[in-house]
Structure formats: C-alpha cells, structure tokens
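If you want the building blocks of each chain, they are given just below.
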Amino acid sequence: RVFAFRDARWAPDPVLTPGEAVRGPPPAPLVIDNGSFQTRAGWACPDPAVPAQPLLRFRSLAARSRGARGGAGAETQVGNDLGSPEPLRWLLRSPFDRNVPVQLELQELLLDHIFQRLGVSSQGCVDHPIVLTEAVCNPLYSRQMMSELLFECYQVPKVSYGVDSLYSFYHNRRQNWPCSGLVISSGYQCTHILPVLEGRLDAKNCKRINLGGCQAAVYLQRLLQLKYPGHFAAITLSRMEEILHEHSYVAEDYIEELQKWRCPEYYENNVHKMQLPFSNKLLGSTLASEEKQEKKQQQLRRLQELNARRREEKLQLDQERLDRLLYVQELLEDGQMDQFHKALVELNMDSAEELQSYINKLSVSVEQTKQKILQSEVNIEVDVVDSKPETPDLDPLGSEQSLEDVESINEFEPLFAEEQPEVEKPVAAVQPVFNLAEYHQLFLGTERIRAPEIIFQPSLIGEDQAGIAETMQYVLERYSKEQQAVLVQNVFLTGGNTMYPGLKDRIQKELLEMRPFQSSFQVHLASSPVLDAWYGAREWAVEHIDREEGWITRKDYEEKGGEYLKEHCASNVYVPIRLPKQAPRAAEAAAPGRALASGTG
C-alpha cells in the first residue's frame, strides 16, 4: 500500500472556436459555475454538435508576478496557466472571501480568461446571455458589484443568478417538479443546510457552517507536519488535497473506528504509505565492496591513460626545445657569432656555458621520459606515478605550457598514491541497514478519518460551531412533523466535499438517531457532486432561453439597481433594500418657522 504523489501540473487551457449554433442568432447562453475552488464554464445549446459539458475547468486563482528589473512589466496568470500552485503559493490570490466574491478586479480576470478561451469574438461586448451561480443568501452588495461588472464592463444582454446546490438538486430531481427535500451542500469553504419546500428555497431557515475542504486540507497538513517534522517543506497543501480526494473516508462511528486503528493488525492492513520524492545521492552510495573496487580500478585506469598521454605530449615538447638549442649550438661551432648572440638574446641566456647546461638537463629529461613510457607499456601491473616533480626548473624559453603540464600531473599524483592496491586496506562488505525510500514515506493511519471528521465535529480544530448532524436537527425542528417527514424523504448530498466514501452512511446513521422510531427517510448522493451544478444550470438555461422568468435584462438593471434579482426555482430569495422614510423637506423647513413665531408671541 505504497502510493506515490502525482504532483500533476495543470495544462494551459486552449483557445476554442465556437460553432455556428453557439453564435446564433439567437446567441447561446454561457453557463458559468463560479465556485470558490474551481470555475466551470460552457455553452447551453440544445444543438447536439455543441458539447453538453463544461469546456473550461480551472482553479479560481490568479497570480501576478512583479516582473524582472529593467525588463517587461508584471505578468498575470489565471487558472491552469499557473502550471502548479506550490511555487507561486505566496503570490496566489482569489476573488472569494469564503464563498462570496468580493475582489471584483480578480473576478474580472477570471471572466476575461473565460471569454478569451471560449472564443467570444464580439467587438466591445459579450453578446451572449450569462447564467452565473452565486452563494446562498448572497449579500446584495456582492450581487450589485457583479451585475455592474457584467452590464457595464461586458455589456451582456441579460443575466440570471442561481444557487449552485439548487441547480444540482434541480438536475437530480427524482420526481415531478416542484419537489421538496433537504439539501446538504459541502464545498471548499462552507457547508450549507438548505430546506426546499415545493420547489422553492426556504431562505429563512437556511444554515451555514464555515467549514469545508479547505479547512480539512489545512488540518491534515498540520497533523502530518507535526508527525514528520523532517519533511516539513514537502508536506504541501496540494499534496494534502490529493490525500483528501483519494485516501480519506468518513467513519460511520468515529470513536469505534479509532478503537479499530489501535489494533496493530488493522493498522498494517489499512495504513496508506505516501511516497515522497527523494534522491539516492543524499546519504552517499550504497554499492557493494566489489562494485566500489571495480569503480576505483576504472578511475585508476582513466588517470593512468591521461598521465601517459600527457607524458607523450611533454616528451614531444621537450624534444622540440632540445632540437632548437642544438641548432643554436651548431651556429657557435660554425663560427656564425652574430646569429649565435642574437639567438642567445631570444632565449634569454647570457653565455655558451648556460646554453650547454640547459642542453644537458633537457637531454637527461628526454631520456627519463622515454624510459618511463617504455616501462608503462611493458609493465602489466598498475603504474603509479612518482610524486617527485620532473625537472621543475627546465624552462629556459619562458614557456608557460610546460609548467602547467607538470603542475597538472603533480595534482593527479596524490590520487595515484591513495589508490595503490598494495597500500589499500580491505573493505568489509557491510549491507546498508537504512532504507532511504521508507524514510521518505508518510504513514496515513487515523489521519485518513480525522480530516473529514471536522464537518461533523468542528471542535477538533477549535471551531465553536455545530456540526452537520446538529445543524440538520436544528433546521428540521423549525418545521411541523408533517413537513419534517416530507423533507427527510429526500435528503440530497451535493458538493465536492461530499465525495468521501462513507459520508452517505454517516448521514443515514445520524438521521436514524434523531428521527422517531420506525420513521422512514431517504438519503441520495448527486450523480456527479462536482459537475451537477453546471449541468443543472445548463438544463435551466435551455428550458428558459425564450422566457422572461429568471432573466435580468439591462433595462431591469438600470431601473431597479444592481442588487435586483428575478427569482426562479433555483435562485435565492430577493429581499429589496428598505430605506427608512424621511420627512419631506417642506415640513422640515416649516417647523422652525412655527417655533420662532410662537416664541415671539
């Protein structure tokens, strides 16, 4: 049960070209599931040639580099163009605070990325209707800023807002609409309990828990960093998210599951070992003694060949110098004194005796080098170079190449001295007892259930909040027994944080404990908890493309403000801003006059 981290890099999104069915007329609606973890975008078109799935899926992140000094300016990267989030973790920015978009500059970057990659080519505007998801009970200010961005910046013809979990509920309806149910939506930042009665959201009894996948990943990171302080930097948030998605599960009974993990046999059968990347060169070589000896012999042979080659080059150079000195001596013997003195000046010598001395030394050096070359060719054993320097003062011509050759050979001579077979001590064959791969493994035991458990027990991370079970019971108690029976017949789980194995069984166990004896209930999991919100929004857009229900036009925006919302089956409840009534200015002006007249009388 050893698993390697994938550490997958994100591939940049291609620039797509929309078909004729998308460009219209009328233009097809653009569906954007604006999630705090991931953004999904695609077309809502009944034409079978248009894919009925999101064409873009990328993390809702942006990073703006500072740029090189004296070079180009700052570069902004969005979503999959980042490649990997870890090298840029300290530069990453998100437009969301919890699950509400508040940084509209970053939100504009995400929308620019969507329109560019989907091939929206209209000049100066986006001529497609927009279907956009928003948070449950979204603040009016957030919706106002989003509407202002869409209508003023992109000039969209109309827009519709809906709740992602209600779109998912709409997509997975198992009976005729409108239907009732209790929607449990757990995402990256928040978990919501949403009662739906007769196809409409009961916003007054919605509850939110400020816990989701992000808090679970941070909690898991802290657990493993405390457990493995030697791998502090290697335990990154991206790897923790990978562990949550693929190796974690929800225990049906948390205390009982912890008791099982105390058993050594259960631990050995269920522990997951995550392999961190490592290099064998960190703690030295683990080769056997025979392999080490063979490696030393190979290095020795290479150095011997190098030394022999340099000896030959030195012999050739010394022979050329000797021939030149003999030529100068012949000038003296022939009586050509002018040329002889001129040659002595070029050689930087003063007399014929000095010339004769250098000729004798070079002759001896040439003979010694020839003898060593012959000995190295005849000798079968390894030749060890003498550590004494060879004629260090024989450079009358001022040539630097000879001295460099002699010095480089002297540098290799200590290596030969260390590698002498007769001096080397025998090495005992000791097998390594340190497993480097096992040292770089993370053992996942109870951590597999502790991180997902925080949505049921927020006190594990010090949060003073109620868990899913307590919140669900609180919401149900606000209804009559008949309405409770209707709601629990369709408990619906959606959101990326509900994909843990065992979560459905845990919800069923909690409902069994809180519901009356012999009462019935049903728990359903979304067919695709991550993508069903986009599929539901697409279905709604296709069904309502020619209707006015749910669409906010530019005229509505100009007349009623950016916070205005047209309700539909998957939307929030619109609560207009009620400002306190002020007294008319004429009455305010008349009141001081009456007071002054009464005072005068």
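First things first, this report covers the structure right here in the doc. (Residues numbered from 1 in each chain as written. Predicted model: local features only at pLDDT ≥ 70, side-chain atom pairs only at ≥ 80, totals over all residues. Heavy atoms only, no water.)

## Some details on the side chain of His 272
Inclusion rule: Numbering goes from the N terminus for both helices and strands, where a helix is a DSSP run of H or I of at least four residues and a strand is a run of E of at least two. N or O atoms closer than or at 3.5 Å make up a polar contact, with two conditions inside protein: a donor-capable atom paired with an acceptor-capable one, and, for residues adjacent in sequence, both atoms drawn from side chains. Any two residues whose heavy atoms approach within 4.5 Å are treated as being in contact.
Among the structural elements, His 272 can be located in strand 16 (residues 272-275). A distance of 3.1 Å separates a polar atom in the side chain of His 272 from a polar atom in the side chain of His 247. What His 272 contacts, discounting residues up to four positions off in sequence, is Arg 1, Phe 3, His 247, Leu 442, Phe 443, Leu 444 and Arg 448.

## A short note on the environment of Glu 447
Residue position: Glu 447 is located in helix 14 (residues 447-450). Separated by 224 residues in the primary sequence, Glu 447 and Leu 223 have C-alpha atoms spaced 7.5 Å apart. Contact partners of Glu 447, with chain neighbours within four places excluded, come to Leu 220, Leu 223, Leu 224 and Lys 227. At 2.9 Å, the side chain of Glu 447 forms a polar contact with the backbone nitrogen of Gly 445.

## Side note on empty space enclosed by the protein
Empty space among the atoms becomes visible once a probe the size of a water molecule is rolled across them. Worth spelling out the cut-off: Points on a 1 Å grid over protein atoms alone make up a cavity when a 1.4 Å probe fits among them but cannot get out, and a pocket when they form an open set with protein on both sides within 12 Å along at least five of seven lines; lining residues each have an atom within 4 Å of a point. Grid points are joined across faces, edges and corners, and a volume is the space filled by probe spheres set on the points.
One pass over the structure, following the stated rule, counts five cavities of 30 Å³ or more. Of the voids in this model, the largest cavity is the one considered here, and its volume is about 90 Å³. Lining of the largest cavity is provided by 13 residues; of these, Pro 101, Thr 133, Glu 134, Asn 138 and Met 146 occupy positions nearest its centre. When residues of the lining of the largest cavity are traced back to their parent elements, those giving at least two are strand 10 (130-134) and helix 3 (140-153).

## Considerations on the layout of surface pockets
In plain terms, the rule: Gly falls in the polar group here, along with every residue not listed as nonpolar (Ala, Val, Leu, Ile, Met, Phe, Trp, Tyr, Cys, Pro) or charged (Asp, Glu, Lys, Arg). Throughout, the edges of the domains are those of an automatic or database domain assignment.
What the second largest pocket holds in volume is close to 290 Å³. Breaking the lining of the second largest pocket down by element, the ones donating at least two residues are strand 7 (92-93), helix 5 (213-227) and helix 6 (237-247). In terms of residues, the lining of the second largest pocket owes the most to one element, helix 5, which gives three residues. The class makeup of the residues in the lining of the second largest pocket is nine nonpolar, four polar and five charged. Built from parts of two domains, the lining of the second largest pocket gets at least three residues from each of domain 1 (2-172 + 530-560) and domain 2 (213-278 + 439-525).

## Digging into the packing of aromatic side chains
Convention followed: Working definition: a ring pair exists when centres of Phe, Tyr or Trp rings (six-membered ring for Trp) sit within 6.5 Å. Plane angles under 30 degrees give stacked, over 60 give edge-to-face, the rest tilted. Burial classes: relative accessible area under 20% of the type maximum marks a residue as buried, over 50% as exposed, and values in between as partly exposed (1.4 Å probe, protein chains only). Counted as over-ring charges are cases with an Arg CZ or a Lys NZ within 6 Å of the ring centre that also lie within 35 degrees of the ring normal.
Inspection of every chain in the model, using the stated rule, returns nine aromatic pairs. Consider the rings of Trp 261 and Tyr 266, whose centres lie 5.3 Å apart with planes at 85°: the pair is edge-to-face. A relative accessible area of 22% places Tyr 266 in the partly exposed class. Relative to Trp 551, the ring of Trp 540 has its centre 5.5 Å away and its plane inclined at 45°; by these criteria the two rings are tilted. Pair noted here: Trp 540 is in helix 18 (residues 532-543) and Trp 551 is in the loop between helix 18 and strand 20 (552-553), with a separation of eleven residues, a long-range link. Look at Trp 551 and you get buried, because its relative accessible area is 1%. Three or more aromatic residues joined by ring pairs make a cluster, and in this case those are Trp 261, Tyr 266 and Tyr 267. Seen from the ring of Tyr 170, Arg 173 lies directly overhead, with NZ or CZ sitting 4.2 Å from the centre.

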